[in-house]
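Working through the structure, step by step
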Amino acid sequence: MDVEHYDQQSRTVKKPLYTYYAQKIKDQTRMIEGKCLDVGACGGYLGLELAKMTNLHVTFFDLNAEALEKAALHLVEDGLEERGATLVGDVHAIPLEDETMDLIISRGSMPFWEDPALALQEIYRILKKGGTTFVGGGKGTPEIKAQIIENMLAEGQEVDLEAMDKMHGDGMKRDYDALLKSKGIENFMIHRAQDGIWIQMWK
Ligand SMILES: C[S@@+](CC[C@H](N)C(=O)[O-])C[C@H]1O[C@@H](n2cnc3c(N)ncnc32)[C@H](O)[C@@H]1O
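Here's a quick rundown of the structure. (Residues numbered from 1 in each chain as written. Predicted model: local features only at pLDDT ≥ 70, side-chain atom pairs only at ≥ 80, totals over all residues. Heavy atoms only, no water.)

Observations regarding the packing of helix H1 (residues 3-11) against helix H4 (residues 65-77)
Packed helices, taken two at a time, are described by the angle their axes make and the gap between the axes. To keep it simple, the criterion reads: Each axis is a line fitted through C-alpha atoms, and for a helix only the stretch in contact is used; angles between axes span 0 to 180 degrees, taken between their N-to-C directions. Helix numbering and strand numbering both begin at the N terminus, where a helix is a DSSP run of H or I of at least 4 residues and a strand a DSSP run of E of at least 2. Note on terminology: angles under 35 degrees are roughly parallel, angles over 145 are roughly antiparallel, angles of 65 to 115 are roughly perpendicular, and the others are oblique. Helix crossings get a hand from a simple test, with the near helix turned counterclockwise from the far one by less than a right angle marking a left-handed crossing and a clockwise turn marking a right-handed one. In this analysis, two residues are considered to be in contact whenever any of their non-hydrogen atoms come within 4.5 Å of each other.
At their nearest, the axes of H1 and H4 sit 10 Å apart, and the two run at 30 degrees to each other. One way to sum up the angle between H1 and H4 is to call them roughly parallel. In this structure, H1 meets H4 at a crossing whose hand is right-handed. Across the interface between the two elements, Val-3, Glu-4, Asp-7 and Arg-11 from H1 touch Glu-66, Ala-67, Lys-70, His-74 and Glu-77 from H4.

In structure tokens form, the structure reads like this:
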């Protein structure tokens, strides 16, 4: 992954995508304070937008240390250094104690997880009682896509519609109901809509 390019696009032309999902997460979960983990955060785009709308403290978690350097930089740029932290690690073995997070979010990382059932079990393990998750992925709505295209054209960028719609592998087509049940997780809801697939689990 070209972190530099991904970061540049996500902080500029693609920003409406993150604002959209942060608002959706806030509306759906109503979690506005406590501790949040952004899994596969890269440069922290989703968690940063959510932090701006809430009082949540966000930990940006990713395998890629270079990506997390971007997240640390953006925390400072956005004046949110007191509201966030970074943590390097693998979602298959999250280096956190049981029941430590109130809200766990993730966008666009799930298709890359080698063992999604184990990863979701790990996410559930660190979820506090009374907490919830919003993990999954999507590319926004037609309106958000139109806005991104407009932003790209205004910047003189080429628009590759096929690449914009491309989903990574079969990651989003898996039978997540069966995966969650295989790990004994019963408290969940899977939202499948125009704007992607999102798994909400709760304790
Ligand atoms: C396509 S990027 C998504 C970044 C960001 N969440 C977004 O919405 O733009 C996927 C991210 O997931 C991270 N990732 C992939 N596998 C992971 C794993 N096993 N544990 C933690 N992070 C992982 C990658 O390093 C990458 O930063």
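Observations concerning the pairing of strand S2 (residues 57-62)
For the record, the criterion: Only protein chains enter the area calculation, which uses a 1.4 Å probe; residues under 20% of their type maximum are buried, those over 50% are exposed, and those in between are partly exposed. The pairing criterion is simple: DSSP has to find at least two bridges between the two strands. Handedness is read with the strands pointing away from the viewer; a crossover is right-handed when the path from the first strand over the helix to the second is clockwise.
Judged by how many residues are buried, S2 sits mostly within the fold: five of six residues are covered. In this structure, strand S1 (residues 35-39) lies alongside S2, joined through five bridges in parallel fashion. Within the sheet, the bridge partner assigned to Lys-35 lies in S2 and is His-57. Running through helix H3 (residues 45-53), the crossover from S1 to the neighbouring parallel element S2 is right-handed.

Some remarks on the packing of aromatic side chains
Where we set the bar: Any two of the Phe, Tyr and Trp rings considered here, Trp counted by its six-membered ring, make a pair once their centres fall within 6.5 Å; the pair's planes then place it as stacked at under 30 degrees, edge-to-face at over 60, or tilted in between.
In this structure the tally under the stated criterion is five aromatic pairs. Their ring planes at 70 degrees and their centres at 5.0 Å tell us that Tyr-20 and Tyr-21 sit as a pair that is edge-to-face. Assessed through its relative accessible area of 24%, Tyr-20 is described here as partly exposed. Ring geometry for Phe-134 against Trp-198: centres 5.4 Å apart, planes inclined by 20 degrees, an arrangement best described as stacked. Pair noted here: Phe-134 is in strand S5 (residues 127-137) and Trp-198 is in strand S7 (residues 196-201), with a separation of 64 residues, a long-range link. For the pair shown, Phe-134 and Trp-198 are each scored as buried. Following the ring pairs from residue to residue traces out a cluster consisting of Tyr-20, Tyr-21, Phe-134 and Trp-198.

Focus: the site of the ligand
Put simply, the rule reads: Residue proximity to a molecule or strand is established when one non-hydrogen atom of the residue lies within 4 Å of it. Two N or O atoms count as a polar contact when they lie within 3.5 Å, although within protein this holds only if one can serve as hydrogen donor and the other as acceptor, and sequence-adjacent residues are included solely when both atoms are side-chain atoms. Note that accessible areas follow from Shrake-Rupley with a 1.4 Å probe, and for residues the cover is restricted to the protein chains shown. All residues other than Ala, Val, Leu, Ile, Met, Phe, Trp, Tyr, Cys, Pro, Asp, Glu, Lys and Arg, Gly among them, are scored as polar; the first ten of these are nonpolar and the last four charged.
Taken together, 19 residues form the shell around the ligand, and within it Tyr-6, Tyr-18, Gly-40, Asp-62 and Arg-107 come nearest. Between an oxygen atom of the ligand and a side-chain N or O atom of Arg-107, the distance comes to 2.7 Å. If the ligand stood free it would expose 600 Å²; the protein chains cover 92% of that surface. Along the lines of polarity and charge, the residues of the shell around the ligand split into ten nonpolar, six polar and three charged.

So, unusual backbone geometry
We note that Arg-30 has phi near 55 degrees; this positive angle belongs to a residue other than glycine. Its location among the elements puts Arg-30 in the loop between helix H2 (15-29) and S1. A residue is classified by how much of its surface remains accessible, and Arg-30, at 68% relative accessible area, is exposed. In this model, Glu-99 sits at a positive phi of 50 degrees, which is unusual for a non-glycine residue. Of note, Glu-99 is situated in the loop between strand S3 (84-88) and strand S4 (101-107). Accessibility expressed as a relative area gives 33% for Glu-99, which makes it partly exposed.

Points about the packing of H2 against helix H6 (residues 142-154)
As a packed pair, H2 and H6 sit with axes 8 Å apart at the nearest point and diverge in direction by 155 degrees. Taken as axis vectors, H2 and H6 run roughly antiparallel relative to one another. By crossing handedness, the relation of H2 to H6 is classed as right-handed. Contacts between H2 and H6 pair Pro-16, Leu-17 and Tyr-20 from the former with Ile-144, Gln-147, Ile-148 and Asn-151 from the latter. When the residues that make up the contact of H2 with H6 are grouped by side-chain class, the tally is five nonpolar, two polar and no charged.

Quick notes on the nonpolar core
Condition: The term nonpolar core refers to a set of buried residues drawn from Ala, Val, Leu, Ile, Met, Phe, Trp, Tyr and Cys, joined through side-chain atoms within 4.5 Å.
Core analysis: the biggest nonpolar cluster contains 33 residues, and Ile-25, Cys-36, Leu-46, Leu-50, Phe-60, Leu-103 and Ile-105 have the highest contact counts within it. Of all elements in the fold, only H2, H3, S2, H4, S4 and H6 reach the threshold of two or more residues within this core. With residues near it in sequence (within four places) discarded, Ile-25 still touches Arg-30, Leu-46, Leu-50, Leu-103, Ile-105 and Phe-134.

Everything listed here is a matter of geometry and, on its own, says nothing about what the molecule does.
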